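Coordinate inspection notes
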Amino acid sequence: MIIVTGGAGFIGSNLVRGLNRAGMREILVVDNLANGAKFRNLVDCDFLDYMDKQEFMRHMVDASLPYDNIECVFHQGACSKTTEWDGRYMMENNYEYSKRVLAFCESRQVPFVYASSAAVYGTGTRFAEAPENEQPVNVYAYSKCLFDRYIRKTRQAPSIKIIGLRYFNVYGPGEAHKQSMASVAWHLDRQLREADTVRLFRGCDGYGDGEQRRDFIHVDDVVRVNLWCLEDSAPSGIYNVGTGSSRSFNDVAKALIEHYGRGQVEYIEFPETLKGSYQSFTEADLGRLRQAGYSADFMTLEQGMAAYLDWLAQARPQ
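Calculation rules
- Residues numbered from 1 in each chain as written.
- Predicted model: local features only at pLDDT ≥ 70, side-chain atom pairs only at ≥ 80, totals over all residues.
- Heavy atoms only, no water.
- 1 Å grid on protein atoms, 1.4 Å probe; cavity = no way out; pocket = protein on both sides within 12 Å on 5 of 7 lines; lining within 4 Å.
- Points joined across faces, edges and corners; volume = space filled by probe spheres on them.
- Helix = DSSP H or I, 4+ residues; strand = E, 2+ residues; numbered from the N terminus.
- Nonpolar A, V, L, I, M, F, W, Y, C, P; charged D, E, K, R; others polar.
- Expected span 1.5 Å × (residues − 1).
- Buried < 20%, exposed > 50% of the residue type's maximum accessible area, 1.4 Å probe, protein only.
- Arc of directions from axis to C-beta.
- Contact = heavy atoms within 4.5 Å.
- Phe/Tyr/Trp six-rings, centres within 6.5 Å; stacked < 30°, edge-to-face > 60°.
- Lys NZ or Arg CZ within 6 Å of the ring centre and 35° of its normal.
- Salt bridge = Lys/Arg side-chain N within 4 Å of Asp/Glu carboxyl O.
- Axes fitted to C-alpha atoms, helices over the stretch in contact; angles between N-to-C directions.
- Parallel < 35°, antiparallel > 145°, perpendicular 65-115°, else oblique.
- Left-handed = near helix turned anticlockwise from the far one by under 90°.
- Core = buried A, V, L, I, M, F, W, Y, C linked by side-chain atoms within 4.5 Å.
- Pairing = 2+ DSSP bridges.

1. Regarding the layout of surface pockets
- Here the second largest pocket defines a volume of roughly 690 Å³.
- Lining the second largest pocket are 24 residues, and of these Asn41, Gly174, Ala176, Trp311 and Ala315 lie nearest its centre.
- Of all elements in the fold, only helix H1 (10–21), helix H5 (184–195) and helix H9 (301–315) reach the threshold of two or more residues within the lining of the second largest pocket.
- The class makeup of the residues in the lining of the second largest pocket is nine nonpolar, five polar and ten charged.

2. Some points on H9
- Over its 15 residues, H9 runs 21 Å from end to end, which matches the ideal 21 Å to within 8%, given 1.5 Å per residue.
- Taken residue by residue, H9 has Leu301, Gly304, Met305, Tyr308, Leu309 and Leu312 as its buried positions. Buried positions in H9, seen along its axis, are confined to an arc of 125° and lie on one side of it.
- In this structure, the buried side of H9 is in contact with strand E7 (169–171), H5, strand E10 (216–218), strand E12 (247–248) and helix H7 (249–260).

3. Observations regarding the packing of aromatic side chains
- Within this structure, the stated rule accounts for 20 aromatic pairs.
- Between Phe147 and Tyr150, the ring centres sit 6.1 Å apart and the planes meet at 25°, which makes this aromatic pair stacked. Linking Phe147 with Tyr150, this pair stays in helix H4 (residues 139–154), spanning three residues, or about one helical turn.
- Relative to Tyr278, the ring of Phe201 lies with its centre 5.9 Å away and its plane at 75°, an arrangement referred to as edge-to-face. Placement of the pair is Phe201 in strand E8 (residues 197–201) and Tyr278 in the loop between strand E13 (264–268) and helix H8 (287–291), with a sequence separation of 77 residues.
- With a relative accessible area of 22%, Phe201 lands in the partly exposed category.
- For Tyr278, a relative accessible area of 12% gives the class buried.
- Following the ring pairs from residue to residue traces out a cluster consisting of Tyr95, Phe112, Tyr114, Phe147 and Tyr150.
- Over the ring of Tyr150 we find Lys99, and its NZ or CZ is 5.2 Å from the ring centre.
- Above the ring of Tyr278, the side-chain terminus of Arg214 is found at 4.9 Å from the ring centroid.

4. Remarks on the pattern of salt bridges
- What the rule picks out here adds up to 20 salt bridges.
- Among the salt bridges present, the one from Glu92 reaches Arg100, with a minimum N-O distance of 2.9 Å.
- Glu92 gets classed as partly exposed once you look at its relative accessible area, which sits at 31%.
- Arg100 sits in the partly exposed class, given a relative accessible area of 34%.
- For Arg247, the salt bridge is made with Asp251, and the minimal N-O distance between the two is 3.0 Å.

5. Notes on the packing of H5 against H9
- At their nearest, the axes of H5 and H9 sit 11 Å apart, and the two run at 55° to each other. Taken together, the axes of H5 and H9 lie oblique to each other. Taken as a pair, H5 and H9 cross one another with a handedness that is right-handed. Every residue of H9 that contacts H5 at Ala185, Trp186 and Asp189 is listed here: Met305, Tyr308, Leu309 and Leu312.
- Residue classes in the contact of H5 with H9 are distributed as six nonpolar, no polar and one charged.

6. Re the nonpolar core
- Core analysis: the biggest nonpolar cluster contains 44 residues, and Leu165 and Trp228 have the highest contact counts within it.
- Here the element with the most residues in this core is helix H6 (residues 219–228); it accounts for six residues.
- Once you skip the residues sitting within four places of it in the chain, Trp228 turns out to touch Ala234, Pro235, Tyr239, Leu289, Ala292, Gly293 and Tyr294.
- If you look at the next biggest cluster of nonpolar residues, it comprises 28 residues, including Val30, Tyr67, Tyr95 and Ile162.

7. A closer look at the environment of Ser183
- Tracing the sequence through the fold places Ser183 in the loop between E7 and H5.
- Considered as a pair, Ser183 and Val170 are 13 residues apart in the sequence and their alpha carbons are 6.9 Å apart.
- If near-sequence neighbours (up to four positions away) are discounted, Ser183 is found in contact with Val170, Tyr171, Glu175 and Tyr308.

8. A short note on the sheet that holds strand E4 (residues 72–75)
- Pairing is parallel across the open sheet formed by seven strands, whose spatial order is E3-E2-E1-E4-E5-E6-E11. Either end of the sheet is taken by a strand with one partner, and the two such strands are strand E3 (49–52) and strand E11 (237–241). Going across the sheet, the axis of each strand differs from the next one's by a mean of 20°, ignoring polarity.
- Pairing of strand E2 (residues 27–31) with E3, which is carried by four bridges, proceeds in the parallel orientation. The residue bridging Val29 from the neighbouring strand is Tyr50, located in E3.
- Strand contacts of helix H2 (residues 53–62): strand E1 (2–5), E2 and E3, with the helix running at about 85° to E3, the strand carrying the most contacts.
- Running over the sheet, H4 touches strand E5 (112–117), strand E6 (162–167) and E11 and is turned about 140° from E5.

Structure follows, in structure tokens:
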């Protein structure tokens, strides 16, 4: 049995499909379907059972979860809305909930793999997994950073495998329900189809128009790193999960326009509300992940965008 919290979400549902491709179907999906649109992410997933988050929490407290022989818990469940400023809500969903799932795993002696975020680096320019590089600029990033620090301080010699994965800018199938929080690839695809124009921010933080750079990683690569965590040789630790190569927003737009053979770029004013709290540059330092034994290559932006845009074309109503 494998448990995937946030299993109806973007990365969680892709992880369930990845487990399926690896021959695993004894899976418990845990999520909150208050956003009912997420059900679509589960339609083609093969799993044993679904459980609401609140029921799962009750079972953890009562030690009454009706499943034994749990192989691993992939904790993907969280509020990922970077513009959410209800701190109590964010800390309950991302910090306290994670501590409860960790305690459950320790009580069952089950490996715990959880989703952290590159948002913890904030507007910094160093992206190695070290406390001095952590500069969260919103409460989402802080909630993720605080749990990483909790792990470092309280689990220096863990009794189980504990792996935190700091996702960089993930894009790919199954993110439509995220709407405003979906990837730039998803947003630009919609813009191009609606008006043959994609809109990018004008220059900021010393970068030219559309030249802000992020480490864009296809969700299939994220899934592969998660599956690697199941291997006995994968050691406990906090690891960056990106391609290790930053690319500009102009590069994303170019890949999109070349794929469709049409379109143009329009540059819009940079929002005042984002000034001072926008990650104009991210690039994963993969040294620790490689040293831990993960050796697979990552898709280039062009490869990932082509695969994603083909999927979007097939998924779109005709």
